[in-house]
Amino acid sequence: MSGSQEWPKAYEASGVEDKIYASWEASGAFNPDTRSGEPYSIMMPPPNVTGVLHLGHSLEQSIMDTMIRFQRMRGKKTLLLPGTDHAAIATQAKVEKMLMAEGMKDPRRELGREKLVERIREFAEESKATIINQIRKMGSSADWSRLAYTFDEDRNRAVRELFVRMYNDGLIYRGYRVVNWSVKGQSTASDDEIEHVERPAKIYTFKYSKDFPITIASTRPETKLGDTAVAVHPKDARYKKLIGQTFTVDVGAAKPLEIKIIADESVDPEFGTGALGVTPAHSAIDFAMFEKQKAKGEPINLIPVIGPDGKMTQEAGSEYAGLSVEQAREKFVAWLKKNDLLEKEEEIVQSVGTSDRYGDVIEAIPMTQWWLDMNKVIPSRGKTLRDLMREAVVGEHVRITPDRFAKLYLDRVENLRDWCLSRQLWWGHRIPVWYRADEMHVGTEAPQGDGWEQDPDTLDTWFSSGSWTFSTLGWPDKTNDLKTFHPTSFMQMGYEILYLWMMRMILMSEYALEQIPFKDVYIHGIVRDEHGKKFSKSSGNGIDPLDVIEKYGTDALRISILSGTTPGNDSRFYMEKVENGRNLVNKIWNISRFIISTIEADPIPAKTQTLADKWVLQRLTELTKFVTEKLDAAQFSSASEELREFTWTILADWYLEIAKVEKGKTEILQKVLDTLLRLWHPFLPFVTEYIWGLSSKEGKLITATWPKVEVDGMSVAKFEALRDMVTEMRRLRAEQGVEAAKKVEFVFTTSDEFANTVVENLEWVKRLSNASAFERVDAITEGWPVTALGHISVGLNLAGAVDLEKEKAKIEKELADLETYIVSTEVKLSNVDFTSKAPEQVVRSMSDKLEEAKAKRDALKKRV
């Protein structure tokens, strides 16, 4: 399009966005195979197939697509690879909940493995299609020809290969250890899948028997039926002589307990009684003590008293077997009281580990599971997985923004326990292990012969997600994609999955490829509502991104959700921000229409550039430099705010107003519009692409080059001086009560050099200050209102500009009102009774307002 009359008067996002996206995709712009240049890749964090996208996903899509579009325009061979996550426990838990709502009591038992998996798969496929459509609606310029799914055959193959290699290296083992167990979900859970919820609880202080020498305390007295030791600090003088002794106590368990007093430096002598009852079967910390004792050749027993069904076992004793933990707790406490062993019972608030998917309290119980050893040396590397994870960040091979998360990551690495890989779920990657009698086969494919049965367990979903950066590029094959795009360039994620995902990706990539998975990681916070609350259905504050897009357009949503977002911090989202985003989009649209119509009405460029031309081009250069630096540093909000300031103030409020006076600006206006569209494109891809096409630009904006502009610092300084002067002239008018539409006479005194600058730009200075005249004088007439800057003084002739008597009356009334306010406020602030009782911020606010009123009064007195 070339004629301004062909432009729609208003920009209607809903009428063009789908068409523009289809044209991008059809052009091959998303596919890096059509481009050369330095590779730049982002593997899209795959959304779970558990429902629809929310505002957090919208933030992530906006971050990734802004970055990939920026890098594409810089001439790089860019790949944004899309995908979705089968999300094993999350998806199975959701489908089971849906089936139970339909009337099933136990979906696993009623349907069986094959039928339940089929129902989950149907749900996942339907959800996956919805999510992919939503990602497209966000404008994400992803290469859909490379779409990946964590549960497709290519990822299945990669997961099996990774498991087998780790097993053959001795890193994966099958062992009997304490696990986190969800009774409701009937599956293990990793430490990072546990949510800690504060609940009221009781702590009980007691002895095992009257002659037992040590008092202990516990919030779970029912587990004491399985205690086998009491741990004390080796230097605690109270208990030192008891270390190594064993006491036999009868607490009503299946048989008397052998309680050994052991030394452990992790025990805090100052906390409680300085002694801990050790239950190796039902505490990961106590199990670690159990292993230490075994390693020292001084073993203690391990007695499971809680089973996978959450009920007490036979080992707990016949009186307790079959009881729930709550029932057993009540019974055991009653026994303590009856035998006069309970010394104290206190109400406390306790942080209780609960399943993030099933919501039940996590039980620590011992089970035989598959584990990944964090401390075993990898034969071919001479290092442990923990070493590899540490070195990737310590050497800053992986740069984490903000860097405070690097310390949190490293602290976590040092305290990692072996990773429990197996899950008792049906939806997920089956563990590639087969059994026949006493035989066991670990391989990427099922073994030959009859009688083999595959391990029924599935792998932790984060095992497959951990290989995402390279399995999506064809690993274990040595593909061209893998060679070209790995390590990937940029990864973004919320801080809530820092440990769940980032750590696992670094672990897997360092092990499988001896490479970091990504060079830069951007950690963002949670999107909250205007009051700081998390969005949720239960809170009634949920917002569907698609509803926002339908009403305001994708660009408005993208810029509103990026605005105010800083690395590592939560951000607030509310509809006023979206309305501001839509206003910005409309402003860019109207600016573009004006520029095109101006160019067509005045197509012949001036032979020389005016001061305003040089100023706006220099400001454009500074803007380009600033936006480039901020996008390089992933500071999206800062970059967009500077762009907004240029668009709204520098261009619309100043330069375009000057362009209405100064003619022949075709080349400058074209340059400004061209550059501005390119700079805005990563943030607002749809409206900028639409304007680009309407403006008869060649090719598509999505593949246009990033702008460069020449520098002229002297022009900026001169123009800014004029701009400051006009701003002061406007202020002086308003201060003297001159109506905005009234033309007035100004005069000025200044040096010869600056006087020449004023004269050269006189027409637009007069227009923007609404001056009928603006002349240089030797001295400003006495009595005229004056405003002075460092290099110039400006006087305003009020004759005929205002009704002096009317203005005087207005000022006198305002002065009277101010005096009344000042006196009443001073009386209040002098009242000690008031100032001592009122909140400090109220008193401070009143004091500030009083000072403002006095300053205004003094200024008005000068005008009477």
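Before reading further, recall that the structure is shown in the block above.
So, a few notes on the structure that sits alongside this text.

Analysis parameters
- Residues numbered from 1 in each chain as written.
- Predicted model: local features only at pLDDT ≥ 70, side-chain atom pairs only at ≥ 80, totals over all residues.
- Heavy atoms only, no water.
- Phe/Tyr/Trp six-rings, centres within 6.5 Å; stacked < 30°, edge-to-face > 60°.
- Buried < 20%, exposed > 50% of the residue type's maximum accessible area, 1.4 Å probe, protein only.
- Helix = DSSP H or I, 4+ residues; strand = E, 2+ residues; numbered from the N terminus.
- Lys NZ or Arg CZ within 6 Å of the ring centre and 35° of its normal.
- Expected span 1.5 Å × (residues − 1).
- Arc of directions from axis to C-beta.
- Salt bridge = Lys/Arg side-chain N within 4 Å of Asp/Glu carboxyl O.
- 1 Å grid on protein atoms, 1.4 Å probe; cavity = no way out; pocket = protein on both sides within 12 Å on 5 of 7 lines; lining within 4 Å.
- Points joined across faces, edges and corners; volume = space filled by probe spheres on them.
- Nonpolar A, V, L, I, M, F, W, Y, C, P; charged D, E, K, R; others polar.

A word on the packing of aromatic side chains
A complete count under the given rule lists 28 aromatic pairs for this structure. Geometrically, the ring pair formed by Tyr21 and Phe30 is tilted, given 5.3 Å between the ring centres and 55° between the ring planes. Looking at Phe30, the relative accessible area reads 3%, which means it is buried. Ring geometry for Phe206 and Phe332: centres 6.1 Å apart, planes at 80°, overall edge-to-face. Placement of the pair is Phe206 in strand E7 (residues 194–206) and Phe332 in helix H7 (residues 325–338), with a sequence separation of 126 residues. Like Phe332, Phe206 is buried. Here the aromatic cluster, defined as three or more aromatic residues joined through ring pairs, consists of Phe206, Tyr208, Phe212, Phe247, Phe332 and Trp335. The ring of Trp24 has Arg69 sitting right over it, with the charged end atom 4.2 Å from the ring centre. For the cation-ring pair, Arg136 lies above Trp144, with the distance from its terminal atom to the ring centre recorded as 4.6 Å.

Re H7
A rise of 1.5 Å per residue sets the reference length of H7, with its 14 residues, at 20 Å; its end C-alpha atoms lie 20 Å apart and thus fit the reference within 8%. For H7, the set of buried residues is Val325, Ala328, Phe332, Val333 and Leu336. Here the buried residues of H7 occupy an arc of 130° about the axis, which is enough to place them on one side. The exposed residues of H7 that point more than 90 degrees off its buried face are Glu330 and Lys338. One or two residues past the end of H7 sits Asp340, with phi positive at roughly 55°.

Concerning the pattern of salt bridges
Inspection of the entire model under this criterion finds 58 salt bridges. The salt bridge involving Lys625 is made with Glu629; its shortest N-O contact spans 2.9 Å. Linking Lys625 with Glu629, this pair stays in helix H17 (residues 611–632), spanning four residues, or about one helical turn. Given the relative accessible area of 53%, Lys625 is considered exposed. A salt bridge links Glu840 to Arg844; the nearest nitrogen and oxygen atoms lie 2.9 Å apart. Residue Glu840 and its partner Arg844 are both found in helix H26 (residues 840–861); the two are separated by four residues, about one turn of the helix. A cluster of three or more residues bridged by salt bridges with shared partners is formed by Asp33, Asp143, Arg146 and Asp481.

With respect to empty space enclosed by the protein
In this approach the atoms are scanned with a rolling probe the size of a water molecule, which exposes any empty space left behind. A complete count under the given rule lists one cavity of 30 Å³ or more for this structure. Reported here for the largest cavity is a volume of approximately 50 Å³. Lining the largest cavity, in full, are Leu53, Ser58, Gln134, Met138, Asp544, Pro545, Leu546 and Ile549. The element that contributes the greatest number of residues to the lining of the largest cavity is helix H14 (residues 545–552), accounting for three residues. Here the residues of the lining of the largest cavity are counted per class, giving five nonpolar, two polar and one charged.

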